[in-house]
Amino acid sequence: MTTAFVNGQVLTAQGFQSLDVVVEGERIVDIGPRAGADARIDLDGGYLLPGFIDTQVNGGGGALFNDSPTVEAIAAIGAAHRAYGTTGFLPTLISDDLATVAQAIAAVDAAIEAGVPGVLGIHIEGPFLSEERKGVHDASKFRTLDDASIELLTSARRGRTLVTLAPETTTPQMIARLAAAGVTVAAGHTNATYDVLTQALAAGVSGFTHLFNAMSPLTSREPGAVGAALESQDTWCGIIADGRHVHPAVLRIAFAAKRRDRFMLVTDAMPSVGMSDKRFTIQGRPIRVVDGVCVDENGTLAGSDLDMASAVANAVRLAGLPLEEAARMAATYPAEFLGLAPDHGRIAVGGRADFVLLDADLTARATWIGGARG
């Protein structure tokens, strides 16, 4: 059976177009004016975008991946974010014991095998980080990247593995081993100098985790991690567009300094997303949401209460991006970063039928993963 999505503004490689999108099973089989199909879904003039891909999702729907590295928690997190247009995500584990890392990898493997909607792999954020830029991470969990750690980090059997590390805590040779094994390596929670970052990029670091936050800043005499990120035109940068983690003016400066197709909107979301109760704990520490951001008892940023539809809207309203570019930062470019394009991240014949429908005020109205509405 084929289904045509009609009467919408469809984001294609050429921009928004008034076209019908025909889906059969999990795939797009036709795109065109008045394309024929067995059934029709009226989009009522809304924006049909490729489903959002979030590479940094700590929690949602009351679940925190660190507290419960299980298939059930992954499913709860995915369901919470799907309501806001996220059709693909990496459950993200912040710094923890290696035994917990192993549990998290096994849970993601099992979730993908079980067909939990939207799970694309895992993001292991730490524990190979800088104490100087630890943020809310528990420094007592930090450790050195060694042979046993590399064996664990490369052990996932399904999906993509993204590892965030501080390059100054390891060597270019160790980074190269991870990259050669198929792990996507990002720099984050790092106090590294520009020179150290340059060596890490040459060794295989291909991204930066939440640009500007928890990393050495750009200054006149030391470009730091931020300078290395903005100078490198081939690396991807995740960025939290909530207006608080990064000032709107800094968002605009970043988007002007580097090619836009190397930016990815991320949420760094916590369990509060999708919940009316905006209080939770991280490794025993109380966290609350204040003015839309998560903070611990000392006021330190502790992830966000952001969803991807809001991140897209903020990129348009705060940074002045066209909607089509903000949408690509939420879908197309993350797919390319993870090596999932062209199957994911775009609306094109042959690709997966992962969609989000936004209305005129950029609120998520509906989502589909593999052609199935959630």
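The structure reproduced in this document is the subject of the present report. Position numbers for residues count from 1 along each chain, tracking the sequence in the order it is written. Selection of residues for local features in this predicted model requires a pLDDT of at least 70, selection of side-chain atom pairs for listing and counting requires 80 or more, and totals for whole chains, interfaces and linings are taken over all residues. Heavy atoms from the whole structure form the basis of all side-chain values; hydrogens and water molecules are not counted.

### Describing the packing of helix H8 (residues 308–317) against helix H9 (residues 323–330)
For any two helices packed against each other, the geometry is given by the interaxial angle and the distance between the axes. Convention adopted: a line fitted to C-alpha atoms gives each axis, helices being fitted over their contacting stretch, and angles between N-to-C directions are expressed from 0 to 180 degrees. Secondary structure elements are defined from DSSP: runs of H or I of at least 4 residues count as helices, runs of E of at least 2 residues count as strands, and each element is numbered from the N terminus. Here H8 crosses H9 at 140 degrees, and the two axes come no closer than 9 Å. Between H8 and H9, the angle falls in the class oblique. Of the two possible hands of crossing, H8 and H9 adopt the one that is right-handed. Listed contacts from H9 to Met308, Val312, Ala315 and Val316 of H8 are Leu323, Ala326, Ala327 and Ala330. The residue classification treats Ala, Val, Leu, Ile, Met, Phe, Trp, Tyr, Cys and Pro as nonpolar and Asp, Glu, Lys and Arg as charged. All others, Gly included, are polar. The class makeup of the residues in the contact of H8 with H9 is 8 nonpolar, no polar and no charged. Here is the rule for angles: anything less than 35 degrees is roughly parallel, anything more than 145 is roughly antiparallel, 65 through 115 is roughly perpendicular, and the remaining ranges are oblique. Helix crossings get a hand from a simple test, with the near helix turned counterclockwise from the far one by less than a right angle marking a left-handed crossing and a clockwise turn marking a right-handed one. Contacts were defined at the residue level, with two residues in contact if any of their heavy atoms lie within 4.5 Å.

### Points about the environment of Pro334
With respect to the element layout, Pro334 can be found in helix H10 (residues 332–337). For the pair formed by Pro334 and Gly238, sequence separation is 96 residues and the distance between their alpha carbons is 8.7 Å. Beyond its immediate sequence surroundings of up to four residues, Pro334 is in contact with Ile53, Thr55, Met264, Arg328 and Met329.

### Looking at the sheet that holds strand S5 (residues 27–32)
Two strands pair under a simple rule: DSSP has to find at least two bridges between them. Strand order in this open sheet of 4 strands is S5-S4-S1-S6, and the pairing throughout is mixed. Whereas interior strands pair on both sides, the edge strands pair on one side only; in this sheet they are S5 and strand S6 (39–42). Each strand of the sheet is rotated relative to its neighbour by a mean of 25 degrees, with strand direction disregarded. Bridge count between strand S1 (residues 2–6) and strand S4 (residues 20–24): 4 bridges; the pairing is antiparallel. Counted as the bridge partner of Thr2 is Glu24 from S4.

### Comments concerning the pattern of salt bridges
Salt bridges are identified by distance alone: a Lys or Arg side-chain nitrogen within 4 Å of an Asp or Glu carboxyl oxygen. Within the structure shown, the criterion is met by 16 salt bridges. Put simply, Arg328 and Glu325 hold a salt bridge, and the shortest N to O gap is 3.8 Å. Here Arg328 and its partner Glu325 are both found in helix H9, 3 residues apart, which amounts to about one turn of the helix. It is possible to trace a salt-bridge network through shared partners that takes in Asp234, Arg259, Asp261 and Arg262.

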